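One letter stands for each residue in the lines below.
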Amino acid sequence: YGSIWMRLRLLPLTVFIGTTLYGQANLSDSFRARAEVLYYEGNNVKALEYYQKAFQAANNKDVNRTANLCVDISTVYYTESKYEAATQKCLEGLKMLSSSAPDSLFFKCYSSLGEMYKKRYKTDSSLYFFQKANLLADSKPALLKQIPDYVLYSYNNQSRFYFLNEDYRKVNEYLKDD
């Protein structure tokens, strides 16, 4: 009887914990959805506020969601030409990821960091992260279907990287029709 009694007493606690974690995910998603609307309307200040609220709601509860929000926050900083802050937030997200995280999150971090380092004139770092993104995309073709816009932006950013570095042969590689 003791075992059954213990399970019955723990049941409300497990339901509470599960509901709280689910509620935090919903809250985080709600804040993120609002942030995205504000971002696309060009209201970066308010978008950043809501992305940070989403980050706080997800922090320490869902690592992948939190890491993805780091990329979102870094994008707002990037849009505001705050490239150092953007880089740091994106690196924070990358450091959160474990090897079991979705490939799309690694790709977003690598690609974003490549672009952010490009804007900071750190050519070696930029190239390093763009190459990591490319290696991942080459080894996981499903990424093209999962996050097609992100992959397209990454290739566009890389072609500009090579253009700015006057490597026109590499630019042509990104302009080819396959």
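Residues numbered from 1 in each chain as written. Predicted model: local features only at pLDDT ≥ 70, side-chain atom pairs only at ≥ 80, totals over all residues. Heavy atoms only, no water.

A.B. asks: Any chance you could explain the overall build of the protein here in plain terms?
C.D. replies: A tally of helices and strands in the protein yields nine helices and zero strands. If you list the helices and strands of the protein from N to C, you get α-α-α-α-α-α-α-α-α. Taking all 178 residues of the protein together, 37% fall into the buried category. Sequence-distant contacts, at least 24 apart, represent 54% of the contacts inside the protein between residues at least 6 apart. For the protein, the exposed area adds up to about 11000 Å²; of that, 55% sits on carbon and sulfur atoms. (Helix = DSSP H or I, 4+ residues; strand = E, 2+ residues; numbered from the N terminus. Buried < 20%, exposed > 50% of the residue type's maximum accessible area, 1.4 Å probe, protein only. Contact = heavy atoms within 4.5 Å. Areas by Shrake-Rupley, 256 points an atom, 1.4 Å probe, with all protein chains shown as cover.)

A.B. asks: Quick question: what am I supposed to make of helix α3 (residues 63–79) here?
C.D. replies: An α-helical turn contains 3.6 residues, so any two residues separated by three or four positions project in the same direction. Look at α3: 24 Å from first C-alpha to last across 17 residues, which is about the 24 Å you get at 1.5 Å a residue. Regarding α3, the residues found buried are T66, A67, N68, L69, C70, V71, D72, I73, S74, V76 and Y77. Where α3 begins, one side-chain oxygen reaches toward the backbone nitrogen of N64, 3.3 Å away; that side chain belongs to D62. Looking one or two places after α3, you find S81, whose phi comes out positive at around 65 degrees. (Expected span 1.5 Å × (residues − 1). Polar contact = N/O pair within 3.5 Å; in protein donor to acceptor, adjacent residues only side chain to side chain.)

A.B. asks: Would you mind going over the packing of helix α5 (residues 103–119) against helix α6 (residues 123–139) with me for this structure?
C.D. replies: Two measures define how a pair of helices packs: the angle their axes make with one another and the distance between the axes. Their axes nearest at 7 Å, the elements α5 and α6 cross at an angle of 155 degrees. Comparing their axes, α6 and α5 come out roughly antiparallel. Crossing of α5 over α6 shows left-handed handedness. Residues D103, F106, F107, Y110, S111, L113, G114, E115, Y117 and K118 of α5 pack against S125, S126, F129, F130, K132, A133, L136 and A137 of α6. A breakdown of the residues in the contact of α5 with α6 according to their chemical character gives 10 nonpolar, four polar and four charged. (Axes fitted to C-alpha atoms, helices over the stretch in contact; angles between N-to-C directions. Parallel < 35°, antiparallel > 145°, perpendicular 65-115°, else oblique. Left-handed = near helix turned anticlockwise from the far one by under 90°. Nonpolar A, V, L, I, M, F, W, Y, C, P; charged D, E, K, R; others polar.)

A.B. asks: How do you make sense of a nonpolar patch on the surface when you look at a structure like this?
C.D. replies: Together, F163, L164 and Y168 give the surface a local cluster of nonpolar side chains, amounting to about 330 Å² of exposed area. Looking at the secondary structure, you find L164 in helix α8 (residues 148–164). (Patch = residues over 30% accessible without salt bridge, like charges linked within 9 Å, V, L, I, M, F, W, Y side chains within 5 Å. Salt bridge = Lys/Arg side-chain N within 4 Å of Asp/Glu carboxyl O.)

A.B. asks: Would you mind showing me how to read the confidence of the model for the protein here?
C.D. replies: A low pLDDT means the predicted coordinates there should not be read in detail. Here the protein shows a mean pLDDT of 85. Residues at 70 or above account for 84%. Overall, residues 1–22 carries pLDDT values under 50, and its contacts beyond four positions in sequence, including any with other chains, amount to one contact. (pLDDT = per-residue confidence, 0-100.)

A.B. asks: Can you help me understand the side chain of S112 in this one?
C.D. replies: Secondary-structure assignment places S112 in helix α5. Taking relative accessible area as the criterion, S112 reaches 8% and is therefore assigned buried. With residues near it in sequence (within four places) discarded, S112 still touches V71, C90 and Y150.

A.B. asks: Please explain the packing of α5 against α8 as it appears in this structure.
C.D. replies: Packing of α5 against α8 brings their axes to within 10 Å, and their N-to-C directions diverge by 30 degrees. Judged by the angle between their axes, α5 and α8 are roughly parallel. Viewed along their axes, α5 and α8 form a crossing whose handedness is left-handed. Contacts from F107, K108, S111, S112, E115 and K118 of α5 reach α8 at Y150, V151, S154, N157, R160, F161 and L164. Across the contact of α5 with α8, the residue classes break down as five nonpolar, four polar and four charged.

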